[in-house]
Each structure stands twice: as C-alpha cells, then as structure tokens.
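A look at the structure
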Amino acid sequence: MERIERHACFGGWQDVYQHQSAVLGCEMRFAAYLPPQAQVQACPVIYWLSGLTCNEQNFITKAGAQQYAAAHGVILIAPDTSPRGDKVADDDAYDLGQGAGFYVNALQEPWNSHYRMYDYIVSELPTLVEAHLPATEKRSIFGHSMGGHGALMIGLRNASRYCSLSAFSPIVAPSQVPWGRKAFMAYLGDDKATWAQYDTIHLLDEAASIPPILVDVGTADPFLHDQLKPSLLADICDKKQHKYTLRLHDGYDHSYYFISSFVGEHIAFHAQNLK
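Residues numbered from 1 in each chain as written. Predicted model: local features only at pLDDT ≥ 70, side-chain atom pairs only at ≥ 80, totals over all residues. Heavy atoms only, no water.

Residue placement: Met28 occurs in strand β3 (residues 26-34). Judged by relative accessible area, which is 1%, Met28 ranks as buried. Each C-alpha atom of the pair Met28 and Ser82 lies 8.7 Å from the other, and the pair is 54 residues apart in sequence. Other than its neighbours up to four places away in sequence, Met28 contacts Tyr17, Gln18, His19, Ser21, Asp80, Ser82, Pro83, Arg84, Met117 and Tyr120. (Helix = DSSP H or I, 4+ residues; strand = E, 2+ residues; numbered from the N terminus. Buried < 20%, exposed > 50% of the residue type's maximum accessible area, 1.4 Å probe, protein only. Contact = heavy atoms within 4.5 Å.)

Read from one edge of the open sheet, 9 strands run β1-β2-β3-β5-β4-β6-β7-β8-β9, paired in mixed fashion. What marks the edges here is a single partner per strand, and that holds for β1 (2-9) and β9 (245-249). Each adjacent strand pair in this sheet contributes to an overall mean axis angle of 20°, direction not counted. By the bridge criterion, 5 bridges tie strand β8 (residues 213-218) to β9 in an arrangement that is parallel. Opposite Val215, over in β9, you have Leu246 as the bridge partner. Contacts from helix α3 (residues 117-132) reach β2 (12-21), β3, β4 (43-49), β5 (75-79) and β6 (135-144), with the element oriented near 140° to β6. Against the sheet, helix α4 (residues 146-157) touches β4, β6, β7 (165-168) and β8, its axis set at about 135° to β6. (Pairing = 2+ DSSP bridges. Axes fitted to C-alpha atoms, helices over the stretch in contact; angles between N-to-C directions.)

It is worth spelling out unusual backbone geometry at this point. Glu109 connects to Pro110 through a cis peptide bond whose omega is 0°. One can find Pro110 in the loop between β5 and α3. The residue Phe10 is not glycine, and still its phi comes out positive at about 50°. Relative to the elements of secondary structure, Phe10 occurs in the loop between β1 and β2. Look at Lys229: it is not a glycine, yet its phi comes out positive at around 50°. With respect to the element layout, Lys229 can be found in the loop between α8 (224-228) and α9 (230-240).

To continue, consider the packing of aromatic side chains. One pass over the full model with this rule turns up 16 aromatic pairs. Centroid distance Trp48 to Phe59: 4.3 Å. Interplanar angle 15°. Geometry classified as stacked. With Trp48 in strand β4 and Phe59 in helix α1 (residues 57-62), this residue pair connects regions lying 11 residues apart in the sequence. Aromatic side chains Tyr252 and Phe262 sit 5.1 Å apart centroid to centroid with 70° between the ring planes, which places their arrangement in the edge-to-face category. Separated by 10 residues along the polypeptide, Tyr252 in the loop between β9 and α10 (256-274) and Phe262 in helix α10 bring together distant segments of the chain. What makes Tyr252 partly exposed here is its relative accessible area of 29%. (Phe/Tyr/Trp six-rings, centres within 6.5 Å; stacked < 30°, edge-to-face > 60°.)

Where a strand is regular, its side chains alternate between the two sheet faces. Counting buried residues along β2, 8 of its 10 residues qualify, which places the element largely inside the surrounding structure. Pairing of β1 with β2, which is carried by 7 bridges, proceeds in the antiparallel orientation. The partner of Glu5 across the bridge, within β2, is Val16. The antiparallel hairpin formed by β1 and β2 contains 2 residues in its connecting segment, where Phe10 sits at a positive phi of about 50°. As paired strands, β2 and β3 are joined by 9 bridges and run antiparallel to one another. Paired with Val16 across the two strands is Ala31, which belongs to β3. The hairpin turn running from β2 into β3, its antiparallel successor, is 4 residues long, and Gly25 in that turn takes a positive phi close to 70°.

The next thing to look at is the side chain of Gln18. Of note, Gln18 is situated in strand β2. Here Gln18 is in contact with Met1, Glu2, Ile4, Glu27, Met28 and Arg29, once residues within four sequence places are set aside.

Working note: α-helix, 3.6 residues per turn, so residues spaced by three or four point in the same direction. Every buried residue of α9 is accounted for by Pro230, Leu233, Ala234, Ile236 and Cys237. Just past α9, the residue Gln241 takes up positive phi, approximately 60°.

On their own, these measurements won't tell you what the molecule is for.
And the structure:
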C-alpha cells in the first residue's frame, strides 16, 4: 500500500491509498478516514460502496461523513467501484464496465479476467485494511444505489463478517430491473441461478436470520419505481419476519444531497451495532 493523499479532517486524517490488487489484476485505490481515536487505539471499520460512475473520491468529498466518524470513533473505508486501467475491459455505456462493477465476480469474457469486485470487497480489501491500518476485525457495510445493492448483498452472504448493513437508494432486486439485468447478463451469463446469489431479494428469502438493516430511499428519486423497487424488500422481509427499517423521505432524490442529509444517522446506526 502507498498513501497518495493525506488531509487533516475533524481531528483525524482523510487518506487515499493505492495498491496492486492480486484479485483484480490491476492497481486499485481506496479512501480511508482515520478518526482521532485511531491515533491511540484500533477502531472498528465501516465500508462504503459507491454507485455507478463513482470512484473512491465521491463519498469522501460529498457526503460529509468524516465528522460523524470522528464523533463515533470509526474508520471509514471507501473503495473504487470497479477495476481500472488501459488493460481492463470497458464499455461506452455508463452502466457497464469501468465504474460499474456491480460487486460481482464476473464469469463471462472479457470481464472475467479483472471484474472480481465481490472477492475484492469481501476478502482482499479487509485483509489489507486490518493488516496496515489501526483497525479491529469489527465491520459494518453500507452503500448507495449500485453500492447499496453491493452492501446488502455482500452483508447477507457474509452475515458473520458484518455487524450491520445499510443502504441509500439500493438496487434491491437487480435480477428484475434494467440496470441489474444488463450487468448480470454481461458479467454472469444467462444462468438465473447464478444471478440469484447476487440478488438481495433472493438472499433475504433464503436467510434464516439477518444482521440489522437500515434502508433510506427518497420519494423524488427518478429511479424509484423502475430500478430500485424498495417495496420488494419490505414485502420479503415482512414475509420472512426479518427485522428491518425502511424509511421513505419525502422530496429527496438520488443525489449526495440526500446521502449527506442522513449519513450521520447511518454511521450512528452502525456504531451502535459495532459495539
């Protein structure tokens, strides 16, 4: 790991690191906010997964999350959304290729040689963080849109690794909506059973128990009905008697204005469960 940025922030440090990823076969970057408490003790970690077109910069420059991480003594880790580089497959569309990894392990060419974001988030990145930063093995995970899909899906598939899960405007049923179907067909092929393993609704239907979940969605989100479908999450959780919190916020859209309005509550939610 090489630190390529450092900024003093709310008594702690907002850093950005780069490293050669063995899983993805390319150089990757991730952001790490170290709260002031990390100067004297190891701290729990909350992982943030960003949405389509984003990289490690969007969350740390737009969400205003550092002040809340400092107050609660938690580390924030924000990785990129896909592998990057001239040798990494890409597509002209914004919702496929670089910036749009969908947090799956791709099986189809040309994507399968680099696009293994699931393994990167679940295994390689936490191993680096816990080896090189003052981090405990206590973890939570949250994200936005495509990253909300990633956070819920990864958290449900690895429930013993995460104390809590949350999401802003998540794609909860990627197998049923245009963004998800396009990505899954390209990355995974046409086997719907393979798709199901990356679909939050299917995972909730199969789960006997789940970590605490908080989901926020804005009623003015232009993608609410066609791409996000939060009612499907409520329906399956009610059917399976899973405990969850789904909040609809009048007038809020899909942007970081929405995220920054409630990110403090999400960090407090995770901090409580990390205790």
